[in-house]
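Below, each chain spelled out in residue letters.
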Amino acid sequence: MSPMTPARVTGTPGRTRVLVVGGGITGMAAAHRLRARLGPDAEIIVAEQSARLGGKIHTVDFAGRPVETGAESLLAARPEAVDLAREVGLGDALVYPSALKPALSIGGELVDFPAGHMMGIPGDPADVAAVADAKERPDDGRPILEPGADMSVGALVRSRLGDEVLDRLVAPMLGGVYAGDVDRLSVRAVMPQLAAALERHARLTEAVAEIKRPAPASGDDAPQAGAPRGKPVFATVDGGLNRLVTATSAAARAEIRLGMTVRELRQTPYGWEVIAGPVPDPIKITADAVLLAVPAKPAAQLLRDVEPQTAAALSGVAYASVALAAFAFDQIELPERSGFLTPASEGKTVKAATFASQKWPHLGRRRQIVRVSMGRLGEEALLQYDDATLAKTALRELGEHLGHRLPEPVEQRIDRWGGSLPQYSPGHPARIAAAREALAFHRGIAIAGAAVDGVGIAACVASGRKAADEIADRLAR
Ligand SMILES: Cc1cc2nc3c(=O)[nH]c(=O)nc-3n(C[C@H](O)[C@H](O)[C@H](O)COP(=O)(O)OP(=O)(O)OC[C@H]3O[C@@H](n4cnc5c(N)ncnc54)[C@H](O)[C@@H]3O)c2cc1C
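Calculation rules
- Residues numbered from 1 in each chain as written.
- Predicted model: local features only at pLDDT ≥ 70, side-chain atom pairs only at ≥ 80, totals over all residues.
- Heavy atoms only, no water.
- Salt bridge = Lys/Arg side-chain N within 4 Å of Asp/Glu carboxyl O.
- Buried < 20%, exposed > 50% of the residue type's maximum accessible area, 1.4 Å probe, protein only.
- Helix = DSSP H or I, 4+ residues; strand = E, 2+ residues; numbered from the N terminus.
- 1 Å grid on protein atoms, 1.4 Å probe; cavity = no way out; pocket = protein on both sides within 12 Å on 5 of 7 lines; lining within 4 Å.
- Points joined across faces, edges and corners; volume = space filled by probe spheres on them.
- Nonpolar A, V, L, I, M, F, W, Y, C, P; charged D, E, K, R; others polar.

Draft legend 1. Region of interest: the pattern of salt bridges. This structure, assessed with the given rule, holds 29 salt bridges. One salt bridge connects Arg78 with Glu80, and the closest N-O pair in it is separated by 2.8 Å. The exposure class of Arg78 is partly exposed, given its relative accessible area of 30%. With its nearest N and O atoms 3.8 Å apart, the salt bridge here joins Glu273 to Lys284. Of this pair, Glu273 sits in strand S15 (residues 271-276) while Lys284 sits in strand S16 (residues 283-287), placing them 11 residues apart in sequence. Connected through shared salt-bridge partners, Arg33, Arg37, Asp469 and Asp473 make up one network.

Draft legend 2. A look at empty space enclosed by the protein. Within the structure shown, the criterion is met by two cavities of 30 Å³ or more. Counted as a void, the largest cavity has a volume near 110 Å³. What lines the largest cavity is simply Pro66, Val67, Glu68, Glu72, Thr236, Val237, Gly240, Ala356, Trp360, His362, Leu363 and Arg371. For the lining of the largest cavity, the secondary structure elements donating two or more residues are strand S5 (65-68) and strand S12 (234-237). A total of three residues in the lining of the largest cavity trace back to one element, the largest contributor, which is S5. Of the residues in the lining of the largest cavity, the class split is six nonpolar, three polar and three charged. In this structure, the second largest cavity encloses a volume near 50 Å³. Mapped by element, the contributors of at least two residues to the lining of the second largest cavity are S5, strand S18 (318-330) and strand S22 (411-423).

Structure below.
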């Protein structure tokens, strides 16, 4: 037998077997939903190429606190992520940020980030007048978007409210989430609710104002135990988001295969044959269905021979890279804010900072922990600098933003997230819908995750669950 011949076949004949590829939050949420749908006897295997579960969720012990090196918060304004936390027994561990607000760093000063906006787009130009000159351009009375049409966030905001709103407010807000270029980000993908409102409104501010208008109070607004008054927008897990990953994995009762790269998918008359594991010692896994919860590039590679149209749509998704520096300080005074964002026009490497121990009361303020984010789309070279250089740059610029030199931190670390944040260009939702339609001709395969349905953890949970439901429905037929 040649060393490349798959040597082992895993699985028990006669039981439904689903392979989930990718052990990030999407894959784990999918495995959890598959367990609920397929019952206790189904074999659910999660193949994860790295040595740990979680993907872009990674909590570490830093200065004696559980600190996130990647994602730090769950969007609680939509239900999926907090619901998952409650379902897997972490309801009591959900914690919420302090009421402190982030600032905008402009011209060496921290100024209040205006209220009443949606990702930096105001519902009333007067709301942002202190930092940006927002003069709404005359409209022609027709809705801004045709049904189903799309455009870039940059083109939308620049043409309706001008450069300052875009550069000073919208780009820093979106930069914090996507590290992207606003002229290449799709309105329909990154702000679907706004895109829907733009089909009804001729004025951008009116569309935003409609979305921002408080919904009539309902029974759902009753505060959850431990939650602040009013509906919290964000939450996290006391002890770190890793707990969400491990609790979901435990509740899914899946067979977790770490260090297992999935390399090839082959469709058979009975389901799927998957080649996985190290190149010199591959294994063959047979499965009734496969759920791909990996970034766009590996998903495209795996689908190349299965469904080229889907593979082509996925390979068109670009990714941005970011580097994060974390510092722990003893006895340092920080402004009473949760952090700051800064526009690219300020010419800094640091694009945002989170005063983590002030933003998250559960971390305590005995030591101040600051997370600094660097890198925008096109600045990948930044990640090539060594840790000491990145930390020095982050610390120096942090001091410039705060207006004073900072003391030596008691602890510091650098984390690089190369090619980690998908960039949804205009037309992305329609391309993904078509890619899914093409894939639906093949029985028992689905795609999910940040590559296709949204970067936020809540969006990933929703995506994983939906793909699991699709597969369970297909298997039931
Ligand atoms: C620095 C940073 C900060 C962020 N902050 C937030 C935040 O505060 N809030 C928020 O909601 N979101 C945040 N996000 C976004 C969010 O974390 C991610 O979009 C989300 O976690 C992605 O989950 P996923 O499971 O789809 O993909 P991933 O987490 O990328 O998981 C995919 C997994 O697939 C594995 N894999 C890849 N190829 C293969 C293969 N061939 N075989 C087997 N396994 C494979 C990978 O190793 C990985 O573990 C942040 C992202 C980054 C990078």
